[in-house]
Amino acid sequence: MTQPAPAQTRLHRPASAADTGTGKVHGITAGDAGWRYVGFSDYQLAPGQGLARPADDHEVVIIVLEGGATIRAGGKTYSSLGSRERVFDGPPPPVLLLEPGLAVEVEAEGAATVIVADAPAAKVRVTRLFEPPDLLVEVRGAGITERRIHHLLPPTTEAGRLILFEVFTPGGNWSSYPPHKHDTEDPPVEAYLEELYYYRFERPAGWGFTRVYTADRSLDASFTPMDRDVVLIPRGYHPFGAAAGYDAYYLNVMAGPHRAWHFTLDPDHAWLMNWDPNLPT
């Protein structure tokens, strides 16, 4: 079932300065986004600073994106989680998947960037820590569509609703490409998934280009996200391009009524799926 889109001006959420008390940069609930499933928060924590999330009926993923942190949840302590000082340093981050009903406490060990994603509970309920060596690293595309993908919580992993990837796009390249959509529940052809993109750039002045559009153009919006900005994808096709000279990163957070990733290509651009610019035309 396709949900109505929020106003186009609400799809791009520019980053603000971190709250001095909580470290929060973004705090997006499903209700605030105008949809049903995906929630997202981004924290810039100072050394020793923490955050707490009370228990509720949502599945939760905690990602120590940069720096290190200790996480306490479900009577367990996960100490010194972290794999990189910056997202561009190389390895995937540790990913902690928490079943519904668990309160969470996070304490930063030095400066840290911590992501909290959530979605309403589903029948599958799992608590598991995924260490960096557990996560698949893949290169897709060729030439100006080449990008590196870290499978943080792919559909093949047991979980309730959430699906997460992180994607590294060199400056001048395109990703989420060719344009595709997943806004209709029509398995196995397509699965309805709300999606949120959280962007980072290796140079703080960097920027990219994101277009969100439907076939009938009832939604057709373009944005130039910068470092730490968020773009919501309630429906439609959604390609991304990184400005030349500015290597880009984005975290995808997806969730829907069923945990499957089936998408439909824009038929006008489907020919690009197997396109290799290094080969003769």
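Summary of the structure given here.

1. A few points about the pattern of salt bridges
Enumeration according to the criterion identifies 16 salt bridges in this entry. Of the charged contacts in the structure, one is a salt bridge between R53 and D118, with a shortest N-O distance of 3.6 Å. In this pair, R53 sits in strand β4 (residues 50-53) while D118 sits in strand β8 (residues 104-120), placing the two residues 65 residues apart along the sequence. Each member of the pair R53 and D118 is classed as buried. Residues R72 and E107 are paired through a salt bridge, measuring 3.9 Å at the closest nitrogen-oxygen approach. Of the two residues, R72 sits in strand β5 (residues 58-73) while E107 sits in strand β8, which places them 35 residues apart along the sequence. For E107, a relative accessible area of 36% gives the class partly exposed. A single network of salt bridges, built from pairs that share partners, joins D42, E66, R200, D227 and R228.

2. Brief notes about the sheet that holds strand β11 (residues 147-153)
With antiparallel pairing, the seven strands of this open sheet are ordered in space as β1-β18-β15-β20-β12-β11-β10. Among the strands making up the open sheet, the edge pair consists of β1 (12-13) and β10 (136-140). Relative to strand β18 (residues 230-233), β1 runs antiparallel, the two sharing two bridges. Directly across from R13, in β18, lies its bridge partner V230.

3. Re the environment of L96
Examined against the element boundaries, L96 turns out to sit in strand β7 (residues 95-98). With 35 residues separating them in the primary sequence, L96 and E131 have C-alpha atoms 8.6 Å apart.

4. Examining a nonpolar patch on the surface
Together, I144, W271 and W275 line one region of the surface with nonpolar side chains, adding up to about 340 Å² of accessible area. Within the element layout of this structure, I144 appears in the loop between β10 and β11. Overall, I144 belongs to the partly exposed group, its relative accessible area being 44%.

5. Overview of the sheet that holds strand β16 (residues 208-213)
Read from one edge of the open sheet, four strands run β13-β19-β16-β17, paired in antiparallel fashion. Pairing within the sheet leaves two strands with one partner each, and these edge strands are β13 (174-175) and β17 (220-223). Pairing geometry for β16 and β17, over four bridges, is antiparallel. Counterpart to V212 in the pairing with β17 is A221.

6. Things to note about the nonpolar core
Membership of the largest hydrophobic core comes to 55 residues, with the highest contact counts inside it found for I63, L164, L196, Y198 and L251. Here this core takes seven residues from strand β20 (residues 248-255), the largest share from any one element. With residues near it in sequence (within four places) discarded, Y198 still touches F40, D42, L65, T113, I115, R228, D229, V230, Y249, Y250 and L251. Ranked by size, the runner-up nonpolar core spans 20 residues in total, among them A69, A73, L81 and V114.

What counts as what
- Residues numbered from 1 in each chain as written.
- Predicted model: local features only at pLDDT ≥ 70, side-chain atom pairs only at ≥ 80, totals over all residues.
- Heavy atoms only, no water.
- Salt bridge = Lys/Arg side-chain N within 4 Å of Asp/Glu carboxyl O.
- Helix = DSSP H or I, 4+ residues; strand = E, 2+ residues; numbered from the N terminus.
- Buried < 20%, exposed > 50% of the residue type's maximum accessible area, 1.4 Å probe, protein only.
- Pairing = 2+ DSSP bridges.
- Patch = residues over 30% accessible without salt bridge, like charges linked within 9 Å, V, L, I, M, F, W, Y side chains within 5 Å.
- Areas by Shrake-Rupley, 256 points an atom, 1.4 Å probe, with all protein chains shown as cover.
- Core = buried A, V, L, I, M, F, W, Y, C linked by side-chain atoms within 4.5 Å.
- Contact = heavy atoms within 4.5 Å.

By themselves, these observations are geometric and do not establish any function.
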